[in-house]
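What follows is the residue order along each chain.
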Amino acid sequence: MAGKKGTGLLLSFVLLIGLSLSGCGGNNSNNEAAPAGTQADSTAAPAASDKAAATEKTNELEQVELSLYLPGGPDKDVASVEQAINEYLKDKINATIKINQLSWDKPADKVNLMIQSGEVFDMVYTWNFMTNAAKGAYLPLEELLDTYAKETKAQINPAYLQAATVNGHLYAIPTEKELGQSVGFAFDKAIVDKYGFDVNSIKKLEDIEPMLKTIKEKEPAITPLFMNHTDSLNWFTVYPDSEDLDGSNEIPTLLDYKTMKVFNEYDTPDILARLKLIREWYKAGYINKNGATDKTELKDAVKSGKAWFTYGNMNPTSTNDWSRLAEKPMVIKTLLPVQVSTKSLQGSMLAISRTSKNPERAMMFMNLIHTDPVLYNLLTFGIEGKHYKKVGDNTVEFIPDSGYNSVSSWMIGNVLLNYLNKDEDPKRVQLYTDWNKNSKVSPVIGFVFDSTKVQSQIGALINITKQYKNTLYSGEKDPEPILKEMNSKLKAAGLDAVISEIQSQMDAFLAAK
Amino acid sequence: MEPVTNNEISRPANVILHIIFIILAITCLLPIVLVFMISITDYDSIVLNGYQFIPEKLSLEAYAYIFKDYTVIAKAYGVSIFVTVVGTLLSVFISSLYAYPISRADFKYRGFFAFLIFFTMLFGGGLVPWYMVYTQVLDLKNSIWALIVPMLLSPFNVLIMKTYFQMSVPPALIEASKIDGAGELRTFFQIVFPLSLPVFATIGLFNTLHYWNDWFNSMIFVTDTDLYSLQYLMYKMISQADYLSRNGALIQGSATELAKLPGETIRMAMALIGIGPIVLAYPFFQRYFIKGLTLGSIKG
């Protein structure tokens, strides 16, 4: 049967295309979804609309609903918190709030979809701030801030607002919290005391070597320097007086503060010396064998007694935070001066969407979360008696499994308005103040790199650095040939173009200053 | 020793084949056993000893975390089962209704409609327009239909069905039923459908798996916890445990409680829960596959 043969051929052709399509497409649902639209009308039942019918009220202000998109959650009990907030807000700004928690899996992607499709919403936590601000996803806030949030403007550190300014427009209000970030160690206090280590003597990464040696000799059960695939010693740059400028934080583009020149830190003798040292440590048996691939979290390694210190970003309350996580007393040693860079300030901010129907009211709400402790604690901690108990004037204890716990204060508003958590350091406000006072502000604060022109190169470069970084920092192999190979690949993928693009933007920024 | 009849294979060959299949069966089963064992191991002992078939210390902490709020799991199970059953039935029905006409040589516009479906297979609109259609045109955000509608019609399935109809339903039979007075619907349901059970079962199984495993639509369209499908709930729980444990020190307040979660054991426990009833679907569909195989073996 000739016809049958023909259809067989067609089928295999179709199969082939289908396979190659599903192979290429990152997501099958996309390929298959499009035609479904043609059939959708017949089967789609009236959708459960979540838009509350706005009950018209002739108050001074017409009542409106504001939507707020935050990371985390979603919490089960968010509705009752919304209700409590709405009751409180009624007299203040006559608005109701709808809290949309986007959970931790790719919240940025979801918001990007909302932005690109022009969905109507009000306030959003700023993922990919730069890209979205440059695209015009957010509303410029200068006038709104001046008119509706005078109190916030008066109290917020100007450096924050500078960091949220792109092309002369303020596009978000940063969370008021610790100003800068620092990296450092959190040591298991019991071990430090046992061997009388002087952690304050540590000035740079190299200084921990004698401690590693002691642990290696005296504590056979402990890995002297424990690494995993996400946390490697690249936390401790060999260039303290510098700043990583590209938007990704994943590719080697450091700015030297002294010369204001951008350079590839992997192409310097200093990094080679550092990596050789790590290689020596590895050979001496200080580092776990599978550091480049191990998936154990540092806190778990410390908790189980496999490791005796962790390392990474530190903040004013790290001693307490790490002690709670590792479930044993920890001592902190921050290594670099606390540095305030544009990026550290941009960490968490709240913006108003271009599509917002009520930007004025949204700004009033933002003003309140920066200045009104009642509202702020409602939003971040929930309802008293239901989600937390008061144990002191200003101290609270969380009720476990209360169904509302993932709106954290670091996300939005003013952290210092918060009640103190029972486990928190009672001196928190003081700690934050001291921390901020001792912070060193970057000389190029307010500079944000616009990566649109070199986006494709950056993508390729990130892949290359990811491929090599863990191996390099784990000490498993001789760093010299790997560095060479990595640098030649980086060059081929266009690192120089990225660096010169950053440099020219930086020069323009400095000239305008 | 008994005489070897024609249908039997020799004893040594039989033994070897048995051994091979026993090994195959073990390699299929062992990973599941290991996953189960990890899920009931104490997390600290995993950190210290790695994965073990016989755990040093047992702990049901992972299950306690997942079932802490069993109503959420139960709801997600409900959503997944509803979406899978309704989605599969609807999508098989709709696919066959598209495939059958374009398989008939006497359908005037078959070329146009065949091209239409083929074209959408090659070119999609992209994620953003797709999202816009469902959220702004159909307003399906936060609705259970957002989990069903986007996957109702897959061009690939339609083409498989069309080919099957063309190959296994002789046009003469359709003509005969027409002569006997059957209308188009009667022909489809009483002649074509019983003859094509294997392809219905195949596409049914495809869709069942597809609907059961889907988390993407939940992720994109749903922010209401009541509408989470099981797979998305699992996915979300894992990414949350991951995120919080990695960034635990940055997170203040009550969320640090979550950051202490034993990520690895939870992941394994979820894998076991996620397999769920879908394993039961295989035996149910299997007899149609066998039928399909024998059907194909007859030379035309």
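Within an unreviewed UniProt entry, the label attached to chain B reads Sugar ABC transporter permease, and the organism entered is Paenibacillus graminis. The heading Sequence similarities (unreviewed entry) in the UniProt record of chain B holds the text "Belongs to the binding-protein-dependent transport system permease family."

Turning our attention to the overall build of chain A. For chain A, the count of helices and strands is 20 helices and 18 strands. Put simply, chain A has 513 residues, and 56% of those count as buried. Considering only intrachain contacts with a sequence separation of at least 6, the fraction spanning at least 24 residues in chain A is 75%.

Let's shift gears to the overall build of chain B. Looking only at helices and strands, one finds 16 helices and zero strands in chain B. Residues counted as buried form 47% of the 300 residues belonging to chain B. Of all intrachain contacts in chain B linking residues separated by at least 6 positions in sequence, the fraction that spans at least 24 positions is 72%. Working note: accessible area of chain B is about 15,300 Å², and carbon and sulfur atoms make up 70% of it.

Right, let's talk about the packing of helix α11 (residues 269–283) of chain A against helix α18 (residues 455–474) of chain A for a bit. All names here are of chain A. The interhelical angle for the contact between α11 and α18, taken along N-to-C directions, is 60 degrees, at an axis separation of 7 Å. Relative to α18, the element α11 is oriented oblique. Only L472, Y473 and S474 of α18 make contact with α11, whose side of the interface consists of I271, L275, I278 and Y282.

As a further point, take the UniProt feature "transmembrane region" (unreviewed entry) in chain B. Residues and elements named next belong to chain B. Per the UniProt record, the feature "transmembrane region" (unreviewed entry) sits at residues 15–40, 77–100, 112–132, 144–165, 185–206 and 266–285. End C-alpha atoms of residues 77–100 are separated by 34 Å, and the span's content is 100% helix alongside 0% strand. End C-alpha to end C-alpha, residues 185–206 measures 25 Å, and it is 95% helix and 0% strand.

Further remarks concern the nonpolar core. Nonpolar side chains in soluble globular proteins generally cluster together in the buried interior. Within the largest apolar cluster, 142 residues are counted, with the highest numbers of intra-cluster contacts made by M123 and F365 of chain A. Broken down by element, the residue count for this core peaks at 11 residues, all from helix α4 (residues 70–103) of chain B. If we skip the residues at most four places from it in the chain, F365 of chain A touches L66, L68, L89, I93, I97, M123, L375 and L379 of chain A.

This part is about helix α19 (residues 479–492) of chain A. All names here are of chain A. Compared with an ideal rise of 1.5 Å per residue, which puts 14 residues at 20 Å, α19 spans 20 Å between its outermost C-alpha atoms and is within 8% of the ideal. Of all the residues in α19, the buried ones are P479, I482, L483, M486, N487 and L490. Take α19 and look down its axis: the buried residues cluster within an arc of 130 degrees, on one side only. Structural note: α19 exposes K484, K491 and A492 on the side pointing more than 90 degrees away from its buried face. Buried residues along α19 sit in contact with α11, α18 and α20 (495–512). A positive backbone phi angle near 100 degrees is found at G494, which sits one or two residues after α19.

The subject of this paragraph is the packing of aromatic side chains. Residues and elements named next belong to chain A. A complete count under the given rule lists 40 aromatic pairs over all chains for this structure. When the ring of F381 is compared with that of Y388, the centres are 6.1 Å apart and the planes differ by 70 degrees; the resulting orientation is edge-to-face. Taking the relative accessible area as the measure of exposure, F381 reaches 4% and is therefore buried. Given a relative accessible area of 4%, Y388 falls into the buried group.

Taken together, the side chains of I9, I16, L17, I20, F21 and L24 of chain B make up a nonpolar region of the molecular surface, amounting to roughly 560 Å² of accessible area. Take I20 of chain B: it is sitting in helix α1 (residues 11–39).

This part covers the packing of α4 of chain B against helix α5 (residues 110–122) of chain B. For any two helices packed against each other, the geometry is given by the interaxial angle and the distance between the axes. All names here are of chain B. Following both chains from N to C, one finds α4 and α5 inclined at 135 degrees, their axes separated by 9 Å at the closest point. As far as their axial angle goes, α5 and α4 are oblique. Of the two elements, α4 crosses α5, and the hand of that crossing is left-handed. Taking contact as the criterion, the partners of Y98, P101, I102 and S103 in α4 are, on α5, R110, F113, A114, L116 and I117. Residues belonging to the contact of α4 with α5 are distributed by class as follows: seven nonpolar, one polar and one charged.

This part is about the pattern of salt bridges. Residue and element names in this part refer to chain B. Per the counting criterion, the structure on display carries 22 salt bridges over all chains. For the salt bridge of K75 with D226, the shortest nitrogen-to-oxygen distance reads 3.2 Å. Linking K75 in helix α4 with D226 in the loop between α12 (216–221) and α13 (230–246), this pair joins segments that are 151 residues apart in sequence. The exposure class assigned to K75 is partly exposed, which follows from its relative accessible area of 43%.

Quick look at the sheet that holds strand β9 (residues 254–256) of chain A now. Residue and element names in this part refer to chain A. In space, the three strands of this open sheet follow the order β8-β9-β10, with antiparallel pairing throughout. Each of the sheet's edge strands pairs with one partner strand only, and the pair in question is β8 (242–244) and β10 (261–263). Sheet twist, expressed as the mean angle between neighbouring strand axes with direction ignored, is 30 degrees. When β8 meets β9, the two strands line up antiparallel, connected through three bridges. Bridging from a neighbouring strand, S242 pairs with D256 of β9. Relative to the sheet, α20 contacts β9 and β10, its axis offset from that of β10 by approximately 165 degrees.

This part covers the domain arrangement of chain B. Residues and elements named next belong to chain B. In terms of domains, chain B is made up of domain 1 (11–49) and domain 2 (68–297). For the pair domain 1 and domain 2, the summed buried surface comes to about 660 Å²; carbon and sulfur atoms form 89% of the total. On the domain 1 side of the interface with domain 2, the three residues burying the most area are V35, S39 and Y43, jointly 62% of the side's total. Our count for the contact surface shared by domain 1 and domain 2 stands at zero salt bridges.

Below, the discussion takes up the sheet that holds strand β12 (residues 330–334) of chain A. Residue and element names in this part refer to chain A. Strand order in the open sheet formed by three strands is β11-β7-β12, and the pairing between neighbours is antiparallel. Strand pairing shows two members of the sheet lacking a second neighbour, β11 (309–314) and β12, which therefore form its edges. Taken pair by pair, the neighbouring strands of this sheet meet at an average axis angle of 25 degrees, ignoring direction. One ladder, built from five bridges, connects strand β7 (residues 182–188) with β12; its direction is antiparallel. Counted as the bridge partner of A186 is I332 from β12.

Attention now goes to the pairing of strand β2 (residues 95–101) of chain A. All names here are of chain A. Burial runs high along β2: six of the seven residues are buried. Summarising the sheet, strand β1 (residues 64–70) and β2 pair through seven bridges and their orientation is parallel. Bridge pairing in β2 places V64 opposite A95. Taken together, β1, helix α3 (residues 78–93) and β2 constitute a β-α-β crossover, and its handedness is right-handed.

Turning to unusual backbone geometry, a few remarks are in order. Positive phi values are uncommon outside glycine, yet N94 of chain A reaches one of about 50 degrees. Mapped onto the elements of the fold, N94 of chain A is located in the loop between α3 and β2.

Residue and element names in this part refer to chain B. Looking at chain B as a whole, the pLDDT averages 82, with 85% of positions reaching at least 70. Summarising per-element confidence for chain B, the mean pLDDT is lowest in helix α14 (residues 255–259) (55) and highest in α1 (91). In the predicted structure, residues 296–300 sits below a pLDDT of 50 and forms zero contacts with residues beyond four places in sequence or in another chain. Here the predicted complex scores 0.74 on pTM and 0.72 on ipTM.

All names here are of chain A. Scored by pLDDT, chain A has a mean of 80; 88% of the residues are at 70 or more. The least confident element of chain A, judged by mean pLDDT, is helix α2 (residues 28–43) at 36; the most confident is strand β3 (residues 123–125) at 92. Segment residues 1–59 is flagged for pLDDT under 50; beyond a separation of four residues in sequence, or across chains, it makes 75 contacts in the model.

The rules we used
- The residue numbering used here restarts from 1 in each chain and proceeds along that chain's sequence as written.
- The naming scheme follows written order: chains are lettered A onward, ligands numbered 1 onward.
- Restriction of local features to residues with pLDDT of at least 70 applies here, the model being predicted, together with a cutoff of 80 or more for giving and counting side-chain atom pairs; totals for whole chains, interfaces and linings are based on all residues.
- The basis for the side-chain values is all heavy atoms of the structure; hydrogens and waters are excluded.
- UniProt positions are given in the numbering used here, feature names are shortened, and annotations may be inferred rather than shown by experiment.
- Under the scheme used here, helices are H or I runs from DSSP no shorter than 4 residues and strands are E runs no shorter than 2 residues, and both carry numbers assigned from the N terminus.
- A simple rule labels every residue: compare its accessible area, found with a 1.4 Å probe on the protein chains alone, to the largest value its type can have, and call it buried under 20%, exposed over 50%, or partly exposed in between.
- The contact criterion used is simple: two residues touch if any of their non-hydrogen atoms lie within 4.5 Å.
- Method for areas: the Shrake-Rupley scheme with a 1.4 Å probe, in which residue coverage is limited to the protein chains shown.
- Axes, fitted as lines to C-alpha atoms, cover a helix only where it is in contact. Angles between the N-to-C directions of the axes lie from 0 to 180 degrees.
- These descriptions rest on fixed angle ranges, namely under 35 degrees for roughly parallel, over 145 for roughly antiparallel, 65 to 115 for roughly perpendicular, and the rest for oblique.
- Nonpolar cores are built from buried Ala, Val, Leu, Ile, Met, Phe, Trp, Tyr and Cys residues. Side-chain atoms within 4.5 Å join them into one set.
- Expected span of a helix, by definition, is 1.5 Å for each gap between consecutive residues, and there is one gap fewer than residues.
- The directions from the helix axis to the C-beta atoms form the arc being described.
- Any Phe, Tyr or Trp ring, taking Trp's six-membered ring, that has another such ring centre within 6.5 Å forms a pair; planes under 30 degrees apart are called stacked, those over 60 apart edge-to-face, and the others tilted.
- For patch detection, residues must exceed 30% relative accessible area and be free of salt bridges, and they are connected within 9 Å for like charges or within 5 Å for nonpolar side chains (Val, Leu, Ile, Met, Phe, Trp, Tyr).
- Salt bridge, as used here, is a side-chain nitrogen of Lys or Arg placed within 4 Å of a carboxyl oxygen of Asp or Glu.
- By definition, any crossing whose near helix is turned counterclockwise from its far helix by less than a right angle is left-handed, and any crossing with a clockwise turn is right-handed.
- Three classes are used, and their members are as follows: Ala, Val, Leu, Ile, Met, Phe, Trp, Tyr, Cys and Pro are nonpolar, Asp, Glu, Lys and Arg are charged, and the others, Gly among them, are polar.
- In short, DSSP must find at least two bridges between two strands for them to pair.
- Where each domain starts and ends comes from a domain assignment, either automatic or drawn from a database.
- Summed over both partners, the accessible area (1.4 Å probe) lost when two parts come together is defined as the buried area.
- By the criterion used throughout, a crossover qualifies as right-handed when its path from the first strand across the helix to the second strand runs clockwise, the strands pointing away from the viewer.
- A residue's pLDDT is the confidence the predictor assigns to it, expressed on a 0 to 100 scale.

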